[in-house]
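Chain and residue survey
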Amino acid sequence: MHGALKMSAAVGRVLSQQMRQSLKVLKSLAGKKNRCFSASVPIPKEGSVSNNEQKSVNRGKSADPLECRFMYPEFLPDPKPEYRNSLREKLERADMMARRSKIDIPEFYVGSILAVTVSDPHAPGKSNRFVGICIKRSGCGLRANFILRNVVDNQGVEVLYELYDPTIQKIDCLRLEKRLDNELLYLRDAPEEYSTFSFDMEPEIIPEGTPVPVNDLKVTLKPQPWLEKWERKDLKGVRDIVVNQKREMKAKAALKPWEKYDLMKIYRETIPEEEQKEIFAEVYSDLHNLEITRQKMKRQRTFIRPKKSG
Amino acid sequence: MALRNTMMNFSSRAIHTSAICNQIIKLTRLRVVDNSDIGKQAMVEGKPPKCIHIYNKIGVGYIGDKVLVAIKGEKKKGILVGLKQNQKTKVPKFDSNNIVLIDDSGTPLGTRIHVPIPHILRTILKNKTHAKGADYTKLIAIATRFV
């Protein structure tokens, strides 16, 4: 029973994507004690589904405040206790909302294709547009950033943008989708066709109310040498990684299978559910209003621009 | 098995495995991205040029810096036009370390650059060009695409 209590305490926290996978293991361990979960903490169904098959937020409809953690991950502060400062976080959130009221920052995930237009004093037209696939999202608060990758003229190019950079004029999500992994850095070691996107790509329209599609594309990596030790990263979006025996052994030695049972580690690396609720309650109504205005604008735009035929 | 494991750990501890910073230093291999004869030949033969000097006071080449390279047994100068290293925000980072060969007056040896060039290079090269020194802005004129 003591174990079950501990377990339910852990479930009470809303976990990051990686952590939730380990949670699944914990749950399966708990087995019969499942009753405790429902009794102690009402947790949304999505929270217990594993990483890849997670049910996405219904687009168009207002997201549940708890689901905001996937749509707006940058609103959650860094869980490191030495970086926490409730006043600074609050001020940052206010600044983020102020910025969001000026510029439409769409919902996007790692694997989505974005077009970013920035004011660039170095460019002749004073603005610069880059299209690419989002391979990483990191940072929180005003420092939230993302990396776009594309292959232009057979040359791989990556650009790091800050989400709340005042020089950003426009962010367009050309294709909204997720991939199997939380980071797509392995595209650097994948053949060019996996990260080639045309700059004059048309935005793809997804009907409202449909979940965000998950692209289960499996990438084949180029032969070694690689930039990182991909065989150790447990990648779902990469087809059979073959390494020599020595590397295999080393990868096996470097495994840390006990980490998923480490409740304290989960505790340290996540923001508690209560705090998340508090944070999103603060910004939720504003975010919701912004989303509604965005949808209105989208409808207007589609109405104004009918396609010419002939 | 245990012995083998300890042996392996011991041997792997002998080399350091920190992340590389991809700096351009002496003896770094570079990639010529213009269509100059010597550059094209060197790349086709699989003998990419080596950096043998960096014309700044740090000894590490950053974007827009002039380098001296050893290419096909000759010494040529080049401008770094794209780096693998992590860059500042909004500055593109490339998958290879690219140079464009120039002569002493700053005129490129080739007539075309066949990879994208960062926009920021316009400003950097303009600042490096002086009235009586070399004119690096000719390099911008032969670029085909900017990112």
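Conventions used here
Residues numbered from 1 in each chain as written. Chains lettered and ligands numbered in written order. Predicted model: local features only at pLDDT ≥ 70, side-chain atom pairs only at ≥ 80, totals over all residues. Heavy atoms only, no water. UniProt positions renumbered as here; feature names shortened; annotations may be inferred. Helix = DSSP H or I, 4+ residues; strand = E, 2+ residues; numbered from the N terminus. Buried < 20%, exposed > 50% of the residue type's maximum accessible area, 1.4 Å probe, protein only. Contact = heavy atoms within 4.5 Å. Areas by Shrake-Rupley, 256 points an atom, 1.4 Å probe, with all protein chains shown as cover. Pairing = 2+ DSSP bridges. Core = buried A, V, L, I, M, F, W, Y, C linked by side-chain atoms within 4.5 Å. Phe/Tyr/Trp six-rings, centres within 6.5 Å; stacked < 30°, edge-to-face > 60°. Lys NZ or Arg CZ within 6 Å of the ring centre and 35° of its normal. Buried area = accessible area lost by both parts, 1.4 Å probe. Salt bridge = Lys/Arg side-chain N within 4 Å of Asp/Glu carboxyl O. Polar contact = N/O pair within 3.5 Å; in protein donor to acceptor, adjacent residues only side chain to side chain. Nonpolar A, V, L, I, M, F, W, Y, C, P; charged D, E, K, R; others polar.

As annotated in an unreviewed UniProt entry, chain B carries the name Large ribosomal subunit protein uL14m and is attributed to Cephus cinctus. Turning to chain B, the UniProt annotation filed under Subcellular location (unreviewed entry) states: "Mitochondrion". According to the UniProt record, the Sequence similarities (unreviewed entry) comment for chain B is "Belongs to the universal ribosomal protein uL14 family."

As recorded in an unreviewed UniProt entry, chain A goes by the name Large ribosomal subunit protein bL19m, listed as coming from Cephus cinctus. For the record of chain A, the UniProt heading Subcellular location (unreviewed entry) holds the text "Mitochondrion". Database annotation for chain A, UniProt heading Sequence similarities (unreviewed entry): "Belongs to the bacterial ribosomal protein bL19 family."

Here we come to the overall build of chain B. Each helix and strand in chain B was counted, giving 4 helices and 6 strands. Moving toward the C terminus, one meets the helices and strands of chain B in the order α-β-α-β-β-β-β-β-α-α. A total of 147 residues make up chain B; the buried ones form 43% of that total. Taking the contacts inside chain B whose residues are at least 6 apart along the sequence as the reference set, 54% of them involve residues at least 24 apart. In the structure as shown, chain B presents an accessible area of about 8200 Å², 55% of it carried by carbon and sulfur atoms.

A few words on the sheet that holds strand 5 (residues 93–94) of chain B. Spatially, 5(A)-1(A)-2(A)-3(A)-4(A)-5(B) is the arrangement adopted by the 6 strands of the open sheet, whose pairing is antiparallel. Two strands in the sheet have a free side with no partner beyond their single neighbour: strand 5 (168–175) of chain A together with strand 5 of chain B. Bridge count between strand 2 (residues 127–138) of chain A and strand 3 (residues 145–152) of chain A: 5 bridges; the pairing is antiparallel. Pairing of I133 of chain A across the sheet is with R149 of chain A, part of strand 3 of chain A.

On to the nonpolar core, then. Grouped burial of nonpolar side chains is what soluble globular proteins tend to show. Of all hydrophobic cores here, the largest spans 61 residues; its most connected members are F75, F146, Y161, Y186 and L187 of chain A. Of all the secondary-structure elements, those providing two or more residues to this core are helix 4 (68–71), helix 5 (86–102), strand 1 (113–119), strand 2, strand 3, strand 4 (155–162), strand 5 and helix 8 (273–304) of chain A. Among all residues touching F146 of chain A, those that are not within four sequence positions of it are F108, L114, V116, C134, K136, R137, V159, L160, Y161, L163 and I171 of chain A. The next biggest cluster of nonpolar side chains, apart from the first, holds 32 residues, and it includes V69, L80, V81 and I124 of chain B.

Glancing now at the packing of aromatic side chains. Under the counting rule described, the total for this entry stands at 6 aromatic pairs over all chains. Judged by centre distance (6.0 Å) and plane angle (85°), the ring pair of Y72 of chain A and F75 of chain A falls under edge-to-face. With a relative accessible area of 2%, F75 of chain A lands in the buried category. Centroid distance F130 of chain A to F199 of chain A: 5.7 Å. Interplanar angle 85°. Geometry classified as edge-to-face. Of the two residues, F130 of chain A sits in strand 2 while F199 of chain A sits in the loop between strand 5 and helix 6 (245–254), which places them 69 residues apart along the sequence. By relative accessible area, which is 2% here, F130 of chain A ends up buried. Through a chain of ring-to-ring contacts, three or more aromatic side chains come together here, namely Y72, F75 and F280 of chain A. Its end group placed over the ring of F146 of chain B, R122 of chain B keeps NZ or CZ at 4.1 Å from the ring centre. The residue whose ring lies beneath R145 of chain B is F199 of chain A, and the NZ or CZ to ring-centre distance is 5.1 Å.

A word on the sheet that holds strand 4 (residues 74–82) of chain B. In any sheet, the strands associate via hydrogen bonds between backbone groups, in a parallel or an antiparallel arrangement. Residues and elements named next belong to chain B. Pairing within the open sheet is mixed, and its 5 strands lie in the order 1-6-4-3-2. Single-partner strands in this sheet number two, and they are strand 1 (31–32) and strand 2 (50–54). Where strand 1 meets strand 6 (residues 98–102), 2 bridges bridge the pair, whose relative direction is parallel. From the neighbouring strand, V32 faces strand 6, where its bridge partner is I99.

Residues and elements named next belong to chain B. The buried fraction of strand 6 amounts to 5 of the 5 residues, a majority that puts the element mostly inside the structure. Alternating residues of strand 6 divide into N98, V100 and I102 and I99 and L101, and every residue in both groups is buried. Where strand 4 and strand 6 come together, 5 bridges link them in antiparallel fashion. Paired with G82 across the strands is N98, a residue of strand 6.

In terms of backbone geometry, most residues other than glycine have negative phi values and most peptide bonds are trans. The step from Q224 of chain A to P225 of chain A runs through a cis peptide bond, and the omega angle for that step is 5°. Mapped onto the fold, P225 of chain A is located in the loop between strand 5 and helix 6. In this model, K90 of chain B sits at a positive phi of 70°, which is unusual for a non-glycine residue. Tracing the backbone shows K90 of chain B in the loop between strand 4 and strand 5.

Contact residues are listed per partner, giving 24 residues for chain A and 24 residues for chain B. The three residues of chain A that bury the most area against chain B are H122, Q155 and M249 of chain A, which together make up 28% of that side's buried surface. Of the charged contacts in the structure, one is a salt bridge between D153 of chain A and R145 of chain B, with a shortest N-O distance of 3.7 Å. Where chain A meets chain B, there are 11 residue pairs in polar contact (both at pLDDT 80 or more). For the side of chain A that touches chain B, the elements supplying multiple residues, two or more each, are strand 2, strand 3, strand 4 and helix 6 of chain A. In terms of residue class, the side of chain A that touches chain B is built from 11 nonpolar, 5 polar and 8 charged.

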